Amino acid sequence: MARLAGKIAFITGGASGLGAAIARAYVAEGASVVIADIDREGGEALAAELGAARFVYLDVTTEASWAEAVATCERIDVLVNNAGITTLGSIEDVTLAQFRHELDIDVLGVFMGTQAALPKMKVHGGSIINMSSLSGVKASANLVAYNAAKAAVTLMTKSCALHFAEKGYGIRCNSVHPGAIHTPIIDKVLAQSDDPDALYRSFVDVHPVGRLGKPEEIAAIAVYLGSDESAFATGAEFRVDGGASI
Ligand SMILES: NC(=O)c1ccc[n+]([C@@H]2O[C@H](COP(=O)([O-])OP(=O)(O)OC[C@H]3O[C@@H](n4cnc5c(N)ncnc54)[C@H](O)[C@@H]3O)[C@@H](O)[C@H]2O)c1
């Protein structure tokens, strides 16, 4: 039985990494997928490969881009606010411009996306899945901007969940908190480091299971949250992190 049959899912950052893995899993479970990304080439290639998917250009940091992208959708059942970046650095290293850029994408992107999709979703209900992180519940000295951004997503999710429940919209809103998952974002973080090997080992070491996660292991929780199986789950933190947050 296809667990997402008949559902239309809008996935930000869908061209790469976790977003691409979620798009793949959603199509396999019967959903129609909109891959929304600034990476036109990657997004179009993935959409062509998957079949029941199309690409739409979206820069999550501008309201105009959100309005245009959402206007191409007749209906949205599942919004996956997944696009994100990771800025490496402590409070003494990160510049104001870097901190603002991190918040623009990882926090304001989720805020604007939820506002933009809401009118299409509240007519029939649905599911909003916000990609937070282990770093949204656990601090690291060298992730000050990312910690601030992902913690904001954790609580924004709960505020939205309460509002949707009070209004009776039938929209649930949950956050997903992956540990380190080997995707291009990890390579980008390693590239910012003076000692990439030591940093990689430190990523492995925070996971009691002794390894990084796989994108499919995050896509699996996104399938559950996008499907009607999760009808009673809202405002919750889904930690999929090899035990790293324990
Ligand atoms: N990989 C991990 O270890 C990990 C762990 C915890 C949380 N996360 C979160 O998961 C999400 C996806 O990460 P990933 O590992 O797949 O990274 P990734 O770098 O592979 O993919 C991120 C995608 O977001 C897109 N993107 C970036 N800026 C954008 C913008 N302004 N507008 C639209 N799209 C934009 C990129 O083009 C890319 O396709 C992020 O929010 C990240 O913080 C990742």
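Fair warning: this is a prediction, and the values are worked out from it, not measured in the lab.

### Some details on the overall build of the protein chain
(1) Moving on: In terms of helices and strands, the protein chain carries 8 helices and 7 strands.
(2) Moving on: Taking 18 Å as the expected radius of gyration for a compact globule of 246 residues, we find that the protein chain reaches 17 Å, a close match to that expectation.
(3) Moving on: Dimensions along the principal axes, computed over C-alpha positions, put the protein chain at roughly 50 × 40 × 35 Å.
(4) Moving on: Taking all 246 residues of the protein chain together, the buried fraction comes to 52%.
(5) Moving on: On the protein chain, roughly 11,200 Å² of surface is accessible, and the fraction owed to carbon and sulfur atoms is 56%.
(6) Moving on: The centroid of the 19 positive side-chain charges in the protein chain is displaced by 7 Å from the centroid of its 28 negative side-chain charges.

### Describing the sheet that holds strand 4 (residues 78-81)
Strand pairing in a sheet is mediated by backbone hydrogen bonds. Such pairs are either parallel or antiparallel.
(1) Moving on: With respect to topology, 7 strands assemble into an open sheet ordered 3-2-1-4-5-6-7, the strand pairing being parallel. The open sheet terminates on both sides in strands that have one partner only, identified here as strand 3 (53-57) and strand 7 (237-240). Ignoring strand direction, the axes of neighbouring strands in this sheet form an average angle of 20 degrees.
(2) Moving on: Bridge analysis of strand 4 against strand 5 (residues 126-131) gives 4 bridges, and the strand direction is parallel. Within the sheet, the bridge partner assigned to L79 lies in strand 5 and is I128.
(3) Moving on: Relative to strand 3, helix 2 (residues 40-50) is tilted by about 165 degrees, and along the sheet it contacts strand 2 (32-37) and strand 3.

### Here we look at the site of the ligand
(1) Moving on: Near the ligand there are 28 residues, and of these S16, L18, D37, Y146 and T183 occur at the shortest range.
(2) Moving on: Within the contact set of the ligand, an oxygen atom lies 2.8 Å away from a backbone nitrogen or oxygen of N82.
(3) Moving on: Calculation on the ligand without its partners gives an accessible area of 830 Å², and the protein chains cover 95% of this total.
(4) Moving on: Grouping the constituent residues of the shell around the ligand by class yields 14 nonpolar, 9 polar and 5 charged.

### A short note on the pairing of strand 3
(1) Moving on: Where strand 2 meets strand 3, 5 bridges bridge the pair, whose relative direction is parallel. Residue pairing for strand 3: D37 is matched across the bridge by Y57.
(2) Moving on: Viewed along the sheet, the connection from strand 2 through helix 2 into strand 3 turns out right-handed.

About the thresholds
- Residues numbered from 1 in each chain as written.
- Predicted model: local features only at pLDDT ≥ 70, side-chain atom pairs only at ≥ 80, totals over all residues.
- Heavy atoms only, no water.
- Helix = DSSP H or I, 4+ residues; strand = E, 2+ residues; numbered from the N terminus.
- Rg over C-alpha atoms; globule rule 2.2 N^0.38 Å.
- Buried < 20%, exposed > 50% of the residue type's maximum accessible area, 1.4 Å probe, protein only.
- Areas by Shrake-Rupley, 256 points an atom, 1.4 Å probe, with all protein chains shown as cover.
- Lys, Arg positive; Asp, Glu negative; His and termini not counted.
- Charge placed at Lys NZ, Arg CZ, Asp CG, Glu CD.
- Pairing = 2+ DSSP bridges.
- Axes fitted to C-alpha atoms, helices over the stretch in contact; angles between N-to-C directions.
- Contact = heavy atoms within 4.5 Å.
- Near = heavy atom within 4 Å.
- Polar contact = N/O pair within 3.5 Å; in protein donor to acceptor, adjacent residues only side chain to side chain.
- Nonpolar A, V, L, I, M, F, W, Y, C, P; charged D, E, K, R; others polar.
- Right-handed = clockwise from strand over helix to strand, strands pointing away.

Function cannot be inferred from these measures alone, as they are strictly geometric.
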